[in-house]
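Descriptive structure summary
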Amino acid sequence: MSEASRIPDHHRDAHITRTRIILAGTVCLITVLIVLSQMVRLQIVDHQHYATLSHENRIKVTPIPPTRGLIYDRNGHVLAENRPSYQLTLIPERVPDLEKTLEQISQIVHVSDAQKERFKTQLQRSRRFEEVPLRSQLDDEEVAKLAVHRHRFPGMEVNARLVRHYPNPNHSSHAVGHVGHITREDLRRIDQSTYRGTHHIGKSGIELAFEDTLRGEVGFERVETNALGRVIRSIERTPPKPGNDLILTIDSKLQEVAERAIGDERGAVVAIEPQSGEILALASQPSYDPNKFVEGMTHQRFRELERTGWQPLYNRASRGTYSPASTIKPFVGLAALEHGVIEKDTEVNCDGEFFLEGRDRPYRCWRETGHGDINFGQALAESCNVFFYDTSFKLGIDRMSKFLEQFGFGAQTTSDIPGERRGVLPSRDWKRGAIGQGWFHGETVITGIGLGYFNATPLQLATATAILGNRGELITPRLVRGVADGANNDQNSAIELGQATETTPTQRIDIDDPSHWEETIEGMRLAIQHYRGTARLINENLNYDFAGKTGTAQITERDVDDDEERPEHLRNHALFIGLAPADDPQIAIAVVIEHGGSGGAAAAPVARAVVDYWMLQDKTYLQQLEQGRIDASEVEDEEDSELEIAP
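Residues numbered from 1 in each chain as written. Predicted model: local features only at pLDDT ≥ 70, side-chain atom pairs only at ≥ 80, totals over all residues. Heavy atoms only, no water.

Per the counting criterion, the structure on display carries 29 salt bridges. The shortest N-O distance in the salt bridge between Arg68 and Glu211 comes to 2.7 Å. Taken together, the residues Arg68 in the loop between strand E1 (59–64) and strand E2 (71–72) and Glu211 in helix H9 (residues 211–215) connect sequence positions 143 residues apart. By relative accessible area, Arg68 is classed as buried at 13%. Given the relative accessible area of 7%, Glu211 is considered buried. (Salt bridge = Lys/Arg side-chain N within 4 Å of Asp/Glu carboxyl O. Helix = DSSP H or I, 4+ residues; strand = E, 2+ residues; numbered from the N terminus. Buried < 20%, exposed > 50% of the residue type's maximum accessible area, 1.4 Å probe, protein only.)

What follows is the structure, encoded as C-alpha cells:
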C-alpha cells in the first residue's frame, strides 16, 4: 500500500503530540526551576558575597603612605630626605595571568629576578585590590614605554611616590643608617596594619632606632574605579600623618673632616661634647652608599659586601671592640691615686722589665733600655709600661675593675645606636662566668695597660674621656638632639621646634681629692706638649690646650722588630684619646686606626685634624695629613714597639 493511501491514525498522532508537549513542558519547568534556584542563590544566599565583590570592583579603599620624617644635622643640613620617584605597581586581583603579565612587563622595562621575588613577598601581606610595588625609581623613558602599553595590562599603575634619599652618599652612613624593603623577617615582628601602603622600614642606625618616630601614620582614600580598575573619582580621604623630623647632634662638616682624616685606612673616630654628651662626629671607615639599599640590594651584592675584608657595613665606632692599650693608663692611674696606691710624685724605676715576685717571666716596656726613675705624670707622657705594671699590681684587679666600671667600660653607653657592643671589662667574676677559671696576677698586670681580655669600643673610649674631662660628671652620649613636627617642611623652623632631651648630669664619680683629676689630665698634656711625649708629633704649631694619650695595641707576638715588616693584618692597632681645651673641654675624642701601627704616628694626627677644625675651623692640618706632609718617622722609630704584652 502506498504512503498516500495510508489511513491516518489520529489516536497515535495525538499521543505523540501529547508526549512531545509533556517533554517540552518538563524541560521548560526544569529550566525555570534552575534559573529560579540560581536567582535565589545569587539574590538571597550569596547576596552579601557578590555585593561585596561588586562594591570592591567599583569602590576601593586605598592606603596612603605617610611621608617619612627628615633627618638633619645640628646645623640644619639634610642627612636623609624624600624625593619623588615613579613606581610601577600591580593590583593582583585585576591581573588575569600574573606570571604571564610579569614576563610581558619585563620585556618592556627591566625587572630583575630579585624584584620579582620581592613583589611576591609583598603579595603575602597585601590586602585584596591593594597595589603591590614591582619596580621603583623608573626613569622618564621607562614611564613613557609603560604608558604606551598600559591598555594591555589591566591592574597596572605607574604612580609618583616619595622615596628615601641620602644626599651625601658614604657620609654619616653608619650614624644615620638606611631604610630597605620590608622582608619576611620584618613581617614577623611588626604590626602590619601600621605599614599598609608602606614598603620600606629602617634597617640600621638612626633610621632603625627611631623607626616609630620617623614612620608616621597611614592615611586612607575611598575611590570609585571603572571596570579596568582605573580611578574615576575620590569619594573620601583621610590624610596620612607625616613622620616627625629628627635633629641629630652630629656636625656634618666635622663628620666630613673625621672621615677624610681617616682616609683610606680602616678605623673610627668618635667626638663628644663633654658638657652635654652630644656626639659631634661618629665616623666609621670604610663607609657605604645607603641609597643602594633603598631600591633593594641583591643577595649576591650584599654577600660580597659582607665578605670583603674591609667590611664597609660594620660600624666600627659602636660595634668594633679593641684592646684600649695605653689609652687606659690615665684611668688606671686615677684609680691608683684615689686608692692611695701612688701619689703624683711617686717614682718607679723602669729598667725595661717588670717581674712578679717569684716569677722569672719578664713583662717588658716598649723602651727596652727603660725610662729610669719616673713619676705618674712622666709615665703618662712617655707611656711607661713598667710604671703601670707595678701600679696595677698594687691596685689589684678588684679595685681597678670597680673604678673603671664607673666610666662606662663593659656596658652600653647609649640607646640611640642599635647594636652597640658592651666590650669586656675584666674582673674575677667576669672571668669565672665567661671562661670558668680563676684570676691570675699576670692578668692584673696586663689589664693595667689595657690588654689581655680588656676590650672597648671607640664610643666607650670617647665617653670615658668626656667624663674625665668633666672631672667626674657622668654623661649619656646621644645622637638625637631633638624631634620636630614633620608637617613643617622648613628646615629652620623644624630645628627651632626640636626639643632637646635633658642633658644635666644626675650622677658623678666622687673622689676624695679633686686634685687627682688635674694631675691625671696634666700627664695627658705632657703626652702632647713634652719633648719626650708619645703624642709630641701633633704639638707643632698647636694653638690650644690639648691633652691626650696614645695607645698601640699589639695584635701578635713580638717576633718582628719593625711593625712595618709584618703583613698588614698582623700590624698593631693605633689608638688615641684626647681633650681640648684641657681646662674646660669643648670636645673629647677617641680614634682607632686598625693595623695603623703606632698610636702617636697614625691615630694622634687624625685627632689633631678633627680637633683643629672644631676649635679653630681650620683644615690646614687635615690638608697636610691628606697630602702626606706629616712626618711621623721619628715617632715610629720610638713607638713602633709600644708592644704592651709580654712575649
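After that view, the rundown keeps rolling.
On to the confidence of the model for the protein. Any region with low pLDDT has predicted coordinates that should not be read closely. Predicted confidence across the protein gives a mean pLDDT of 86, with 88% of residues reaching 70 or more. Averaged pLDDT values for the elements of the protein fall to 47 in helix H20 (residues 491–497) and rise to 98 in strand E20 (residues 587–593). Segment residues 494–505 is flagged for pLDDT under 50; beyond a separation of four residues in sequence, or across chains, it makes 27 contacts in the model. Ignoring residues within four places in sequence, the model shows residues 636–647, a span with pLDDT below 50, making 55 contacts including any to other chains. (pLDDT = per-residue confidence, 0-100. Contact = heavy atoms within 4.5 Å.)

This next bit is on unusual backbone geometry. The amide bond that connects Gln285 to the next residue, Pro286, takes the cis arrangement and shows omega of 0°. Within the secondary structure, Pro286 is located in the loop between strand E12 (278–285) and helix H11 (291–295). Going from Ala580 to Pro581, the amide bond is cis rather than trans, its omega being -20°. With respect to the helices and strands, the residue Pro581 is situated in the loop between strand E19 (573–580) and E20.

The next subject is the environment of Pro240. Structurally, Pro240 can be placed in the loop between strand E9 (231–238) and strand E10 (245–248). Separated by 175 residues in the primary sequence, Pro240 and Pro65 have C-alpha atoms spaced 6.6 Å apart.

With that settled, the discussion passes to the side chain of Thr444. Here Thr444 is to be found in helix H18 (residues 441–447). Beyond its immediate stretch of four places on either side in the chain, Thr444 contacts Ser392, Phe393, Gly396, Ile397, Met400 and Trp439.

Time to look at the packing of aromatic side chains. Where two aromatic rings form a pair, the distance of their centres and the angle of their planes describe that pair. If you walk through the whole model with that rule in mind, you get 15 aromatic pairs. Pairing Phe331 with Phe409 gives two aromatic rings, centres 5.7 Å apart and planes at 80°, and the pair type is edge-to-face. With Phe331 in helix H13 (residues 329–338) and Phe409 in the loop between helix H16 (397–405) and helix H17 (428–434), the pair connects residues that are 78 residues apart, well separated along the chain. Pair check on accessibility: Phe331 and Phe409 agree, each one buried. (Phe/Tyr/Trp six-rings, centres within 6.5 Å; stacked < 30°, edge-to-face > 60°.)

Think of a sheet as strands paired side by side through backbone hydrogen bonds, with each pair either parallel or antiparallel. Spatially, five strands are ordered E12-E11-E20-E19-E18 in an open sheet, and the strand pairing comes out antiparallel. The outermost strands of the open sheet, each flanked by one partner alone, are E12 and strand E18 (547–553). Neighbour-to-neighbour, the strand axes of the sheet open up by a mean angle of 5°, direction not taken into account. Here strand E11 (residues 267–273) pairs with E12 via seven bridges, running antiparallel. Paired with Gly267 across the bridge in E12 is Gln285. Against the sheet, helix H21 (residues 515–529) contacts E18 and E19, and its axis sits at roughly 70° relative to E18. Where helix H22 (residues 599–616) meets the sheet, it contacts E11, E12, E18, E19 and E20, and its direction lies at approximately 145° from that of E20. (Pairing = 2+ DSSP bridges. Axes fitted to C-alpha atoms, helices over the stretch in contact; angles between N-to-C directions.)

Taken across its seven residues, E18 has seven buried, putting it largely inside the fold. Of the two faces of E18, the one carrying Ala547, Lys549, Gly551 and Ala553 and the one carrying Gly548, Thr550 and Thr552 are both buried. Examined bridge by bridge, E18 and E19 share seven bridges and lie antiparallel to one another. The partner of Gly548 across the bridge, within E19, is Gly578.

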